[in-house]
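Coordinate analysis (summary)
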Amino acid sequence: MRKIWWKIACVCLLVYTFIAGILLDVPHVPALQETIRNLYFHVCMWFAMMILFSVSLYNAIMYLRHFDLKYDVNARQYAAVGIVFGMLGYGTGAIWMSYTWADPNNPAFQSFSAIAREPKLIGAAIGLLVYFAYMVLRDSINDMDKRARISSVYNIFAYAMLFPSIWIIPRILPSLHPGQEGNPALNTSDIDGRMRLIFYPAVIGWTLLGVWITTLKIRLKLLNDKKILS
Amino acid sequence: MQSLRRIYTLFRKDLLLEVRQQYSFYGILLYIGATIFVLYMAVEEPESKVWNGLFWVIQLFICINAVAKSFLQESRGRMLYFYSVASPGDFVLAKLLFNSLLMLVMGLLSLVLFTLFLGNPIEKTAAFIGLVVLGGWSLSLVFTFLAAIAAKAQQNAAIMAVLGFPIIIPQLLLLMRLSKAAIAPLLTIPTDTILLLVALDVLVIMLSVILFPFLWKD
């Protein structure tokens, strides 16, 4: 935790993302125009969320292998920060959508429910609901070891069911959202070389920021626990 | 072989309990009847889209009610006894098997009541019955495992709904898509979606067998 180089890297990458992402030239796609720069923020939020949830899953598995409460604290905090990134993904998506999809000439976009039916939005909503349920389950159990064990089991089960909803189902339902075939923003044909130079550093930067926040939260939690135990 | 016999014995124990303590079985039957009757009063003859939606939502609630008690009814002493005579894998497989059977009966029964009270929009009857069987199976598998979690957390069925609804949405979406195809005369039923559902069911069974040992030890 005391290693500092990756925190410096995180700050540098994010500063680079903001400066280069706003100033450098981007391809002009008719429907998107300059809003395409939101790719460096919106898509990165979902990448960071998935990575944080995966780290949470890893910690849940490690807890069931070693029964060390440290892993349980990790799993919970990574899930919590993952939820925050998911919310930010929704926020950035809503801003992007309001400039590209929301077409005043198309009556289908007058109502909220027409847009909320979008498969990718459903998938993301399911993901967030699952982790909210995880938090509720945790808070409903008082015994520390039992809570750790049961919530780890739910974490693993939910993650395994979450994958089909986020990666498979949106691909078999019709959608407006880009990235219908294959992995959005990862396909070589999807995104221009110039954007790739900023997109990949941005993903790493945002993920490192998420990990940084989580390590701080974990340290705080461990200190609090120590106060209770002693 | 040994484990197959143990699964069968545990399965038969659940079946016998159900036959002898009939109140829970009839309770669910009454639940189905009453819900569908209320729907009949409320919407009379719905159009096929609404019929489809209502049918699967009712299946979901029936499943929660039918499956919720499967782990809650086992007292602490009885769990200790199972602990000494069977492995966790056998135990959970027997439960999955029994709940699948229960949900199969309840699903087909509610289909009959639905067609009686709310009209029959189904074009491909055999395919739709197959879907009800597959859907009941999927729902019962997921909720059996969640019932185990909820029972261990010493919570009622409410937490099961909270835990289960987000997880079951993908499967319900697929099921409704399939049954829409079974209701509409011109659509063909996509085979790959059925295979995806079966794959999800197999995944749930494997996860239950892997994860249940961590749940039942105290």
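Because the structure is a prediction, the values reported are computed rather than measured. (Residues numbered from 1 in each chain as written. Chains lettered and ligands numbered in written order. Predicted model: local features only at pLDDT ≥ 70, side-chain atom pairs only at ≥ 80, totals over all residues. Heavy atoms only, no water.)

All names here are of chain B. Tracing the chain through its elements places valine 198 in helix α8 (residues 191-216). With relative accessibility at 30%, the residue valine 198 sits in the partly exposed group. C-alpha of valine 198 to C-alpha of glycine 135: the two residues are 63 residues apart in sequence and 9.8 Å apart in space. (Helix = DSSP H or I, 4+ residues; strand = E, 2+ residues; numbered from the N terminus. Buried < 20%, exposed > 50% of the residue type's maximum accessible area, 1.4 Å probe, protein only.)

Our next topic: the confidence of the model for chain B. Per-residue confidence for chain B gives a mean pLDDT of 87; residues scoring 70 or more make up 98%. Per-element averaging of pLDDT across chain B places helix α4 (residues 76-85) of chain B at the bottom with 81 and helix α5 (residues 88-118) of chain B at the top with 91. (pLDDT = per-residue confidence, 0-100.)

Looking now at the interface of chain B and chain A. Interfaces are often described in size by the accessible area the parts lose on coming together. On the chain A side, the residues contacting the 29 residues of chain B number 27 residues. Each partner contributes to the roughly 2600 Å² buried at the junction of chain B and chain A, and carbon and sulfur atoms together form 83% of this total. If you sort the residues of chain B by the area they bury against chain A, B:Pro166, B:Ile167 and B:Phe214 come out on top, with a joint share of 21%. Here chain B and chain A share zero salt bridges between them. Between chain B and chain A we count three residue pairs in polar contact (both at pLDDT 80 or more) in total. Listed by contribution, the elements that provide at least two residues to the side of chain B that touches chain A are α6 (125-152), α7 (157-183) and α8 of chain B. Among the elements that take part in the side of chain B that touches chain A, α7(B) stands out by supplying 11 residues, more than any other. (Contact = heavy atoms within 4.5 Å. Buried area = accessible area lost by both parts, 1.4 Å probe. Salt bridge = Lys/Arg side-chain N within 4 Å of Asp/Glu carboxyl O. Polar contact = N/O pair within 3.5 Å; in protein donor to acceptor, adjacent residues only side chain to side chain.)

This paragraph deals with the packing of helix α3 (residues 48-72) of chain B against α5(B). Packed helices, taken two at a time, are described by the angle their axes make and the gap between the axes. All names here are of chain B. At a minimum axis distance of 9 Å, the contact between α3 and α5 shows a crossing angle of 145°. The interaxial crossing formed by α3 with α5 has right-handed handedness. Two secondary-structure elements touch here, α3 through Trp51, Leu54, Phe55, Ile58, Gln59, Ile62, Cys63, Ala66, Val67, Ser70 and Phe71 and α5 through Phe91, Lys95, Asn99, Leu102, Met103, Met106, Gly107, Ser110, Leu111, Phe114, Thr115 and Leu118. Residue composition of the contact of α3 with α5, grouped by class: 16 nonpolar, six polar and one charged. (Axes fitted to C-alpha atoms, helices over the stretch in contact; angles between N-to-C directions. Left-handed = near helix turned anticlockwise from the far one by under 90°. Nonpolar A, V, L, I, M, F, W, Y, C, P; charged D, E, K, R; others polar.)

A separate point is the state of the cysteines. Residue and element names in this part refer to chain A. Inspection of every chain in the model, using the stated rule, returns zero disulfides over all chains. Unpaired in this structure, cysteine 12 has its nearest cysteine sulfur neighbour in cysteine 10, at a distance of 9.1 Å. Among the residues examined, cysteine 12 registers a relative accessible area of 48% and is labelled partly exposed. (Disulfide = S-S within 2.5 Å.)

All names here are of chain A. Closest axis-to-axis distance for the helix α3 (residues 69-100)/helix α5 (residues 119-140) pair is 10 Å, and the angle between their directions is 145°. Remark: the crossing between α3 and α5 carries left-handed chirality. Taking contact as the criterion, the partners of Asp72, Ala75, Arg76, Ala79, Ala80, Ile83, Gly86, Met87 and Tyr90 in α3 are, on α5, Leu121, Ala124, Ala125, Leu128, Tyr131, Phe132, Tyr134, Met135 and Arg138. By residue class, the composition of the contact of α3 with α5 is 14 nonpolar, one polar and three charged.

For the rest of this paragraph, the subject is the nonpolar core. Counting residues in each nonpolar core, the largest one holds 135 residues, and the members touching the most others are A:Tyr154, A:Phe157, B:Phe143 and B:Ile149. Broken down by element, this core gets its largest block of residues, 17 residues, from helix α2 (residues 39-66) of chain A. (Core = buried A, V, L, I, M, F, W, Y, C linked by side-chain atoms within 4.5 Å.)

Here we come to the side chain of A:His42. All names here are of chain A. Secondary-structure assignment places histidine 42 in helix α2. Looking at histidine 42, its side chain comes within polar contact range of the main-chain oxygen of glycine 89, at 3.2 Å. From its side chain, histidine 42 meets the backbone nitrogen of glycine 93 in a polar contact 3.2 Å long.

We now examine the packing of aromatic side chains. The full count for this structure, using the stated rule, is 26 aromatic pairs over all chains. Ring centres 5.6 Å apart and planes at 80° place the aromatic pair A:Trp46 and A:Tyr90 in the edge-to-face group. On the criterion of sequence distance, the pair formed by A:Trp46 in helix α2 and A:Tyr90 in helix α3 is long-range, its members being 44 residues apart. Exposure remark for A:Trp46: the relative accessible area of 19% places this residue in the buried category. Between B:Phe61 and B:Phe165, the aromatic rings sit 6.0 Å apart at their centres with planes inclined by 80°, giving edge-to-face as the arrangement. Placement of the pair is B:Phe61 in helix α3 and B:Phe165 in helix α7, with a sequence separation of 104 residues. (Phe/Tyr/Trp six-rings, centres within 6.5 Å; stacked < 30°, edge-to-face > 60°.)

Moving on: unusual backbone geometry. Residues and elements named next belong to chain A. One non-glycine residue, phenylalanine 67, lies in the positive phi region at around 50°. Looking at where phenylalanine 67 falls in the secondary structure, it is placed in the loop between α2 and α3. A relative accessible area of 44% means that phenylalanine 67 is categorised as partly exposed.

Before going further, it helps to examine the pattern of salt bridges. Scanning all chains against the criterion turns up five salt bridges over all chains. Where A:Arg138 meets A:Asp72, a salt bridge forms, and the shortest distance between an N and an O atom there is 3.0 Å. Of this pair, A:Arg138 sits in helix α5 while A:Asp72 sits in helix α3, and the two are 66 residues apart along the sequence. You'll find A:Arg138 and A:Asp72 in the same group, each marked buried. Among the salt bridges present, the one from B:Asp90 reaches B:Arg6, with a minimum N-O distance of 2.8 Å. You can see B:Asp90 sitting in helix α5 and its partner B:Arg6 sitting in helix α1 (residues 2-20), a full 84 residues away along the chain. The buried category is assigned to B:Asp90, whose relative accessible area is 5%.

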